[in-house]
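Summary of structural features
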Amino acid sequence: MSLSIDVLLESPWAEDQPWEALATRAARAAIAATPHAACLAEAPPLIELSIRLTSDAEVRALNRDYRGKDKPTNVLSFPMLDADELGHPPETEAEILLGDIVLAHETCAAEAAERGIALAAHATHLIVHGTLHLLGHDHHGDDEAEAMERIERNVLQSLGLHDPYED
């Protein structure tokens, strides 16, 4: 699987972090931990997703416009494929566009500080979480939430990071 991640870094995110490497590592690990890994391994030469690191104000506007919630949130995901499309190998040689993930700096930084972890570690978790959403995972019901959290825990452990759901 050839994965291309376009990371758009906007203020107030610091440019001194290796965000592209962090995002690639997180997204690859998330994809590999799902049942879609085998299907995506048979995919055309390129699988693409984009990650936008931006401000709370931008995420608030997106959240309002696309989800009807006029408030910032830590991460938003905008899948380009539905679950049926993810379950079958592609029939064309065109690239696969998984979708977009958007992280809000101020919310992410506040959550990281509250948990006593580095912003990069928290952003990694949120990129894993967002990637799972792009792959059709959700947390609306208890069973879905538990399944998604289990994948996140396993992925983060494989990356040497904390369990975000630990009490």
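Located above this text is the structure these notes cover.
Residues numbered from 1 in each chain as written. Predicted model: local features only at pLDDT ≥ 70, side-chain atom pairs only at ≥ 80, totals over all residues. Heavy atoms only, no water.

**Here we look at the overall build of the chain**
This is how the line gets drawn: Think of it this way: any DSSP run of H or I at least four residues long counts as a helix, any run of E at least two long counts as a strand, and we number them from the N terminus. Here's how the labels work: a residue is buried when its accessible area is under 20% of the maximum for its type, exposed when over 50%, partly exposed in between, all with a 1.4 Å probe on protein chains only. The contact criterion used is simple: two residues touch if any of their non-hydrogen atoms lie within 4.5 Å.
On a plain count of helices and strands, the chain comes out with 7 helices and 4 strands. Seen in sequence order, the chain has helices and strands lined up from the N terminus as β-α-α-β-α-β-α-β-α-α-α. Taken across its 167 residues, the chain has 42% of its residues classed as buried. Residue pairs at least 24 apart in sequence account for 69% of intrachain contacts in the chain once pairs closer than 6 positions are excluded.

**Section: the nonpolar core**
Note the cut-off: Only buried residues count toward a nonpolar core, which is a set of Ala, Val, Leu, Ile, Met, Phe, Trp, Tyr and Cys residues joined through side-chain atoms within 4.5 Å.
Among the nonpolar cores identified, the biggest contains 35 residues, and Ile5, Trp19, Leu49, Ile51, Leu98, Leu103 and Val128 are the most heavily contacted of them. Top element by residues in this core is helix α1 (residues 19–32). It accounts for 8 residues. Once residues lying within four places of it in the same chain are set aside, the contact partners of Leu49 are Leu3, Ser4, Ile5, Asp6, Ala27, Leu98, Gly99, Ile101 and Leu134. By size, the runner-up hydrophobic cluster in this structure holds 5 residues, among which are Leu62, Leu76, Val102 and Ala104.

**Some thoughts on the packing of helix α5 (residues 105–115) against helix α6 (residues 119–134)**
Put simply, the rule reads: Throughout, an axis means a line fitted to C-alpha atoms (over the contacting stretch in the case of helices), and angles, computed between N-to-C directions, take values from 0 to 180 degrees. In this scheme, roughly parallel covers angles under 35 degrees and roughly antiparallel covers those over 145, while 65 to 115 is roughly perpendicular and the rest are oblique. For any pair of crossing helices, the crossing counts as left-handed if the nearer helix is rotated counterclockwise from the farther one by less than a right angle, and right-handed if it is rotated clockwise. Classification used: nonpolar for Ala, Val, Leu, Ile, Met, Phe, Trp, Tyr, Cys and Pro, charged for Asp, Glu, Lys and Arg, polar for all others including Gly.
Put simply, α5 and α6 touch, their axes get as near as 9 Å, and they point 115° apart. When the axes of α5 and α6 are compared, the pair comes out roughly perpendicular. Considering the relative orientation of α5 and α6, their crossing is right-handed. The residues of α6 that touch α5, namely those facing His105, Cys108, Ala109, Glu111, Ala112 and Arg115, are Leu119, His122 and Leu126. Classifying every residue of the contact of α5 with α6 by side-chain character gives 5 nonpolar, 2 polar and 2 charged.

**Side note on the sheet that holds strand β2 (residues 47–54)**
Which entries qualify depends on this criterion: Following DSSP output, two strands are said to pair if at least two bridges run between them.
The mixed open sheet is built from 4 strands, whose spatial order is β1-β2-β4-β3. The sheet terminates laterally at β1 (3–9) and β3 (75–79), the two strands that pair on one side only. If you compare each strand with its neighbour and ignore which way they point, the axes differ by 15° on average. Sheet topology note: the β2/strand β4 (residues 96–104) ladder contains 8 bridges and is parallel. When the bridges of β4 are listed, Thr54 appears paired with Ala104.

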